[in-house]
Every structure is written in C-alpha cells, then in structure tokens.
Amino acid sequence: MFFSLFEIQKGAQLDQETFSCSICLDLLKDPVTVPCGHSYCMTCIKTHWDEEDEKNIYSCPQCRQTFTPRPVLGKNTMFAALVEQLKKTGLQAASADHCYAGPEDVACDVCTGRKLKALKSCLVCLVSYCEKHLQPHYDVAQLKRHKLVEPCKKLQDSICSHHDEVMKMFCRTDQHCICYLCSVDEHKGHDTVSAAAERTERQRELEGSRQKIQQRIHDREKDVKVLQLELETINGSADKAVKNSEKIFSDELICLLEKRRSDVKQQIRSQQETEVSRVKQLQEKLEQEITELKRKDADLKQLSHTQDHTQFLQNYPSVSALSEPTDSSSINIRPLRYFEDVTAAVSELRDKLQDILREKWTNISLPKTRAGFLQYSQEITLDPNTANTRLLLSEGNRKATLMSQYQSYSSHPDRFTYWCQVLSRESLTGRCYWEMEWSGTGVSVAVTYKNISRAGWSSECEFGFNDKSWVLDCQLNSYDFWHNNIRTPVSGPQSTRIGVYLDHRAGILSFYSVSETMTLLHRVQTTFTQPLYAGLQLWYGEFWWDIYFDNTAELCKL
C-alpha cells in the first residue's frame, strides 16, 4: 500500500496504525517489507527471526506465512519517507490541538465555536478567559482592579444563592462561606470573619497537617526499611537452613533420607513463604498508606495554592481529614529461631538415625478405613494397682466408674493417690489401636510413660500437664488436647466412642471420633522414648460433693 505526500498534506490523514510495526506497536523505524507484503521495523523483524534460527523456518508475525531460506531485508524508502512526513504533520496537529480545551480543561467562556483553554478566571466577572479575551483585564483601568485567579470550573460556587453576591465572608458559627448581606441577615450575630482571614487560619492548620503527613511518611518509610531488612534476614536464614540441611542429608544420609530432605526443605520454604507473606502484606499496607499520605499531601499543597478563598474554605474540610495511621507496634520483628531449630533438629536426627536404621524400616502410612485400624487392635485391660481408690473397675478390668466412696484397694506404690486415673496393664509399642466408650459429663483418654508420678495432686501426676503424658479431654460439647500443660482446642463431631491409634516407632498418636464413620480429632507427631501405657481419667467437681456419679469409661472389645 503506497500513499503520496500530497494526500497526507491535503489532510486525508491516515491512521498511525497504518505505519506502525505490529511487533513493537510504534511508528516504523527503518521500515522493511517481507515477501508476504507486511512491513516491520528492521530491528524488530530481525530479532523475531533470530529466535527462529534453530528451526531454519522464518515466519511473518501477522499472516504466519513461512519463508526458507531467511529473506534478505532492504529498507523500504517509500515507507520511510511517509513515516517521516506523518511525524511532522502529527506534531503540527498536536501543536494546534494543544491550545483547545479538552474535557479536563477550563474553557474560555467568551469563545464561540471550538473553545480555547482559559488562562485566568475573574472572581468579579465570574467568567473564565483565554489569552486573547483576557487582554482587556490588562488594558482597561476598571478591569485591572478585578481579582484574577487560575482557571476555575466552579466559579458559580463563589456566588451566594440567596443574594447573588460574591461570598467574601465566612461564618464560623455555621462553618459556611457567606456574602456580606448574609452577615446582616440570617447570620446576624454569628461569629463571622473575612474569607481571607479564615483562609489564613486554615492555611496554618493545613501546614500543620502537611507536617504531620510528612512525618508519617518518614516514619512509614523507616518501617518499610525495617521490614525489608527482616525480609532479607528471613530469606538469608532460610537459605542458610536449607544449605545446612542439604549438606547433612547429602553427605551422610544420601538416598535413604532423600525424601525426608525434600520434606525439610519444603517445610523451611513454607515457613519462609508464610513469614515473607506476612511481612510483605504489612509492607504493602504501609506503602499504600505512604501513597495515600503523599496524595493527601499533594491535595493539601494544591489547596494551599488556591487563590480563591471561598474555594479554599469549601474544599478544606474534605481534604484536611487524615485517616488513622497504622500502629507501628504491629511491626514486630519475630525471632528467626524456627530456621535455626530446623537445622538443629536435622543434626539431631542424623545422630539418632544411626540406631534407628539398624532396625527394619516400618511403613508408617496410616490406615484409610476403620477396618484398617482394627487390624492393629490390641486387647487392653486396666491395672487395679494403678487405679485411684474412687474408681470401681469392672467388666474384666476394662470399665472404670467414678464412685462417691473409696474402694478397698490394697496399698501399692503405682496407685494414683489424688487424681481419679488408672493405667492399662499392658505396655504399648509398635502399632496398636483401641477404642474407649464413655458416658457422663467429662472423661479423658490418655497415653503416658510408666514413670509418671503417682502420689499427690501436682501437675507431675495429672495426665496432660507434664512431658510424660498426652491426653484428649472429652466433654459434652467440646474436646481439648493437653500435653506438657499446653492446651490445644479440638473441633470435631461429638461421639461417646473415641478411637486411639499409636505408631510408637513413627511417633504418631491419633485420636478419632468413632460413629458410623471415623473422623480425625487430633494427631501428634513426636518421638516416644519409652514404652507407653493407655490411661483413663474420670472427672469430678471442685469439691468431693460435686462428683459426677454417672461418669464411666470402658475399653471396648474389638
């Protein structure tokens, strides 16, 4: 397609897209035409074809026609001349258009037809003038006294709607701009001042607000730098933890621990991502606040330069209000012990695995159905020598009932003397599963080491309040898990039957709500260093007369 310079000069203006490169979307530079007829910048098409060198087939980005071998390119002199002419005519048109008022500009009120941009607005004439129509205000003596301000679209807002007078006063009582007639009419007796005086007062407030904004911007920028440093520290610590973990796994455990190495790495990265996300969210919030403060500062600066007192006073309330700042106390630099602890844990694992790897590696995958759990079911009975004297054992020492009277058990060093607890006779190692049926207002199902304390009421004796026991508290409307005096609220469907699965070697302890289906309530992943025993605790009130006589717990036959 070719056009003469005459056509362009006559004003048959062509769309710039006609002379634009479809690759860079800009006017053609050193235009070349490929065999299919489409034109591109020489640099653009060369770059495109360089990427296709490996295939040795070259295509047109527009029509996809292919060429073999690579076409030799030569500058299209006609297109080059047309583009240069288009640039000149385009600049001339742009220069002419620059003087005319657009949608966002204040137009001259005197111009007819296509209006020029206003150069000034007159607060006396209430008219905006272009450079040409403004000239009388510079030449005529009477007009020279008129107040000229920067072009303003809302000149009529400066006129009192009741008296059709310019509002040059401000009523502090009603916080409104008024005219001089208003001051002796409906605003008579009010605290009124000139708009200029009120402007001076508000200008001082405005400068104070700007100072506060600028200080907040400074504070937020410092906070952002602190967060950026935390990001670098988090990333550096995470990278170091990954590097150390990689070394331990790669050099000493090789293939046997390849999957565990990947898990640790993923765990670090997941924590890193969480920490980075937390910091970035706060950082983004601060940056948004900085942007808003800068915008508010710019608005206040623009308002401070408004020459029309009325415009200033009317716009001041909406512009001067400041939002609540972000509380700097929320910017907490968290300790990065997590990443260090991962490396320490991996190092400890390296040492312990020397012994563990001597034994047969056990598949620790959990059963998927209740039938799968039942294959690990273990017959468990309660040990009378451990039962508190307020517990009555029955059903072949599988059921415990809370009694109001003491039971006649013989003295034994294994007995719990204060807490209404009892342990199983059997120790638990390997994989095992059992279920407990309960009734009443509150019971607990536990596992514990045998060396848990028995005498007295201290936390060393009660299930869940020391590092030797793990317990699920079952109440009428809720569950809680306890270990080492740390409570973890547990949610799940209420059931009077609780299933317990233990994989001693893998360090897995799981509690399930058992009904028509099994629902996981809570799972623990830890390291058990001794054989475990099943335990039951039945609850009583603060005083002995608050005992719940219907509290029972029974180890079920499976």
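Here the structure is shown first, and the text comes after it.
Residues numbered from 1 in each chain as written. Predicted model: local features only at pLDDT ≥ 70, side-chain atom pairs only at ≥ 80, totals over all residues. Heavy atoms only, no water.

Student: Mind laying out the overall build of the chain, listing which residues take part and the relevant values?
Tutor: Looking only at helices and strands, the chain has 12 helices and 23 strands in total. Put simply, of all contacts in the chain between residues at least 6 apart along the chain, 59% involve residues at least 24 apart. Approximately 31,700 Å² of the chain is accessible, and the part contributed by carbon and sulfur atoms is 51%. (Helix = DSSP H or I, 4+ residues; strand = E, 2+ residues; numbered from the N terminus. Contact = heavy atoms within 4.5 Å. Areas by Shrake-Rupley, 256 points an atom, 1.4 Å probe, with all protein chains shown as cover.)

Student: Break down the pairing of strand β16 (residues 469-475) for me, with residues and values.
Tutor: Within β16, six of the seven residues are buried, which leaves it mostly tucked inside the rest of the structure. Of the strand pairs in this sheet, strand β15 (residues 442-449) and β16 are connected by seven bridges, and their pairing is antiparallel. Within β16, the position partnered with A446 by the bridge is V471. As judged from the five bridges shared by β16 and strand β17 (residues 479-483), these two strands associate in the antiparallel manner. (Buried < 20%, exposed > 50% of the residue type's maximum accessible area, 1.4 Å probe, protein only. Pairing = 2+ DSSP bridges.)

Student: Give me the lowdown on the sheet that holds strand β5 (residues 120-122), citing residues and values where you can.
Tutor: Spatially, three strands are ordered β6-β5-β7 in an open sheet, and the strand pairing comes out antiparallel. Taken across any chain shown, the strands that pair with only one partner, and hence form the sheet edges, are β6 (127-129) and β7 (148-149). The sheet contact formed by β5 and β7 spans two bridges and is antiparallel. Of the residues in β7, the one forming a bridge with C122 is L148.

Student: An account of the layout of surface pockets is requested, with residue identities and associated values reported.
Tutor: Of the pockets and cavities examined, the second largest pocket occupies roughly 520 Å³. Along its surface, the second largest pocket is lined by 17 residues, and C152, Q302, T306, Q311 and N315 are the ones closest to its centre. Those elements that place two or more of their residues in the lining of the second largest pocket are α9 (258-304) and α10 (309-320). Broken down by class, the residue content of the lining of the second largest pocket amounts to six nonpolar, six polar and five charged. (1 Å grid on protein atoms, 1.4 Å probe; cavity = no way out; pocket = protein on both sides within 12 Å on 5 of 7 lines; lining within 4 Å. Points joined across faces, edges and corners; volume = space filled by probe spheres on them. Nonpolar A, V, L, I, M, F, W, Y, C, P; charged D, E, K, R; others polar.)

Student: Could you give an account of the packing of aromatic side chains, with specific residues and numbers?
Tutor: Inspection of every chain in the model, using the stated rule, returns 13 aromatic pairs. Measuring from centroid to centroid gives 5.7 Å for F416 and F463, while their planes differ by 85°, and the two rings are edge-to-face. One end of the pair, F416, is in the loop between β12 (399-402) and β13 (421-428); the other, F463, is in the loop between β15 and β16, and 47 residues separate them in sequence. An aromatic cluster is built from F373, Y376, Y433, Y501 and Y512, whose rings are joined through pairwise contacts. If you follow R199 out to its NZ or CZ, it ends over the ring of F312, 3.9 Å from the centre. Its guanidinium or amino end placed over the ring of F416, R454 lies 5.2 Å from that ring's centre, counting from NZ or CZ. (Phe/Tyr/Trp six-rings, centres within 6.5 Å; stacked < 30°, edge-to-face > 60°. Lys NZ or Arg CZ within 6 Å of the ring centre and 35° of its normal.)

Honestly, that's just the spatial picture; any functional story needs more than this.
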